Amino acid sequence: MTFDAERVYTTLLPRFGRRLRLHEPLARHCTFGVGGPADLWLTLETRDELIWLVRRCLAEGWPLLVVGNGTNVLFGDGGVRGIVARMALSDYRLAEQEDGSALLYAEAGVSWPKLLNELATQGWGGLEFGPGIPGTLGGGVVSNAGAHQRELSQVLEWVEVLDVRPALALGTARSVADGESRPQADQGHSQTEEEDARVAAPFVRRYERAELELSYRHSRFRAGRQVTFDERGYPQPAPRTLIEPAEIILLLAVRLHRDDPAKLRALIEEYRQHRKRTQPPQPSAGSVFKNPPGDYAGRLIEQVGAKGLRCGRACISERHANFIVNLGGARAADIAALIREARNRVRERFGVELELEVELRGEWEIA
Ligand SMILES: Cc1cc2nc3c(=O)[nH]c(=O)nc-3n(C[C@H](O)[C@H](O)[C@H](O)COP(=O)(O)OP(=O)(O)OC[C@H]3O[C@@H](n4cnc5c(N)ncnc54)[C@H](O)[C@@H]3O)c2cc1C
């Protein structure tokens, strides 16, 4: 896949100005603090910008990866080819319902911890379990984020997504048929092709909660995108499509209930303090592995003596064995090596196959 970053930069600059950056280190945009450059980095502030960009990427064959706050991703040391766009769409509003509850309509880029204090002050409960989840609400839907025995699925009503799958399928069908590597949107198609393209254009659709396949750290948006492991146990990112993810969350509706502001603030503070005591202060992406049924990944990793293990400047935290931390200057490959080591040891000793909670993105060169 070739992508002329300088040319695309020049094309997009008039529209996005300083929100567009060339060869931007991804280490600046994820909480692990690792990752090579994105060819282009872009912050998106409105739904129209996102839709415009997706259409343009489809037409031109530019690879696009959409992310949130970068708190659950591990970018490879080789960076990411094409455009990486951060969802910074962050409007929200509350609609009080007749039964005394409220629906929160929030754009996907709203930061969970930032929103909490405002909701607590206004006496709206429902999301107060998330002060320690530093991501966006959209990113929260992807992994059905949760803490303190609560998860987003318990309050989520529906989400609106930009569905790019038909357009991608059409692009693939054309590539196969014509030996082309990208949809040729502007090169004199027949009427049927034009019609195909119109039908396959990205469109906004809504999924009700029951359609989202929400379970422990899982949603329909993660299906088919799981990290796999090679025969040596190194993690491998899921294969990439031109527009990734193919369903981009735009908006979500969350059910809130009336609660005492003082009680909500006290709960938020209690959860914050608990985090401070139990989680490491160094850069990380939270829990690296999902807890296996009936157990804790951290307990298993501790049992196999991996706590404190180091590779380069990455370390399995002494405070919480399911956290890998960046001691300053770690590489993504160091973190991958620790993932491999912890997972292999747990498999050998307990026969448990730990699954990754963190998602791998970008270019990986694992020795
Ligand atoms: C210190 C720390 C503590 C944490 N504690 C918790 C915890 O207690 N519970 C918990 O569940 N998680 C926890 N996390 C993990 C993380 O905060 C959550 O998974 C969060 O929901 C990720 O949101 P994000 O916006 O950062 O997503 P990102 O990391 O930016 O992205 C994650 C994935 O979602 C995709 N994505 C992001 N936005 C969209 C969108 N709008 N549409 C479609 N796909 C999208 C990205 O492509 C990527 O594949 C913790 C992380 C840290 C650093």
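Just so we're clear, the structure is a prediction, and the values are computed from it rather than from any experiment.

Definitions and cut-offs
Residues numbered from 1 in each chain as written. Predicted model: local features only at pLDDT ≥ 70, side-chain atom pairs only at ≥ 80, totals over all residues. Helix = DSSP H or I, 4+ residues; strand = E, 2+ residues; numbered from the N terminus. Rg over C-alpha atoms; globule rule 2.2 N^0.38 Å. Buried ≥ 20, exposed ≤ 12 C-beta atoms within 10 Å, placed from the backbone. Near = placed C-beta within 6 Å. Nonpolar A, V, L, I, M, F, W, Y, C, P; charged D, E, K, R; others polar. Domains from an automatic or database assignment. Contact = placed C-beta atoms within 7 Å. Pairing = 2+ DSSP bridges. Axes fitted to C-alpha atoms, helices over the stretch in contact; angles between N-to-C directions. Expected span 1.5 Å × (residues − 1).

### Structural notes on the overall build of the protein
- The secondary structure content of the protein amounts to nine helices and 20 strands.
- Here the C-alpha atoms of the protein give a radius of gyration of 21 Å, agreeing with the 21 Å that 2.2 N^0.38 yields for 367 residues.
- Counting only C-alpha atoms and orienting by the principal axes, one finds that the protein spans roughly 60 × 60 × 40 Å.
- Expressed as a percentage of its 367 residues, the buried residues of the protein come to 41%.

### Description of the site of the ligand
- In the vicinity of the ligand there are 32 residues, among which G68, G135, G138, G139 and G286 approach most closely.
- Secondary-structure elements contributing two or more residues to the shell around the ligand are β3 (64–67), α4 (137–142), β9 (146–147) and β16 (247–258).
- For the shell around the ligand, the leading source of residues is α4, giving four residues.
- Looking at side-chain class alone, the shell around the ligand contains 15 nonpolar, 16 polar and one charged residues.

### Considering the domain arrangement of the protein
- What the domain assignment reports for the protein is domain 1 (1–88), domain 2 (90–164 + 202–278) and domain 3 (281–361).
- Here the C-alpha centroids of domain 2 and domain 3 sit 24 Å apart.
- The interface is formed by nine residues belonging to domain 2 together with 12 residues belonging to domain 3.
- Residues of the side of domain 2 that touches domain 3, tallied by class, amount to five nonpolar, two polar and two charged.

### Quick look at the sheet that holds β3
- Spatially, β1-β2-β5-β3-β15 is the arrangement adopted by the five strands of the open sheet, whose pairing is mixed. The sheet is open, and its two borders are formed by β1 (20–25) and β15 (243–244), each paired with just one other strand.
- Judged from the six bridges that link them, strand β2 (residues 37–44) and strand β5 (residues 80–87) form a sheet pairing that is parallel. Pairing of L40 across the sheet is with I83, part of β5.
- Set on the sheet, helix α1 (residues 5–16) makes contact with β1 and β2; between it and β1 the angle comes to about 135°.

### Focus: the environment of E357
- Residue position: E357 is located in the loop between α9 (332–350) and β20 (359–361).
- We classify E357 as buried; it has 20 C-beta atoms within 10 Å.
- Separated by 259 residues in the primary sequence, E357 and E98 place their C-alpha atoms 39 Å from one another.
- The contacts of E357, once residues within four sequence positions are left out, are R217, S287, V288, F289 and K290.

### Quick word on α9
- Taking 1.5 Å per residue, 19 residues should reach 27 Å; α9 reaches 27 Å between its end C-alpha atoms and fits that length.
- Those residues of α9 that sit buried are A332, D334, I335, A336, A337, L338, I339, A342, R343 and V346.
- Where α9 is buried, its residues touch β4 (73–75), β14 (235–236), α8 (297–303), β17 (310–311), β18 (314–316) and β19 (324–326).
- Residue G351 follows α9 closely and has a positive phi angle near 70°.

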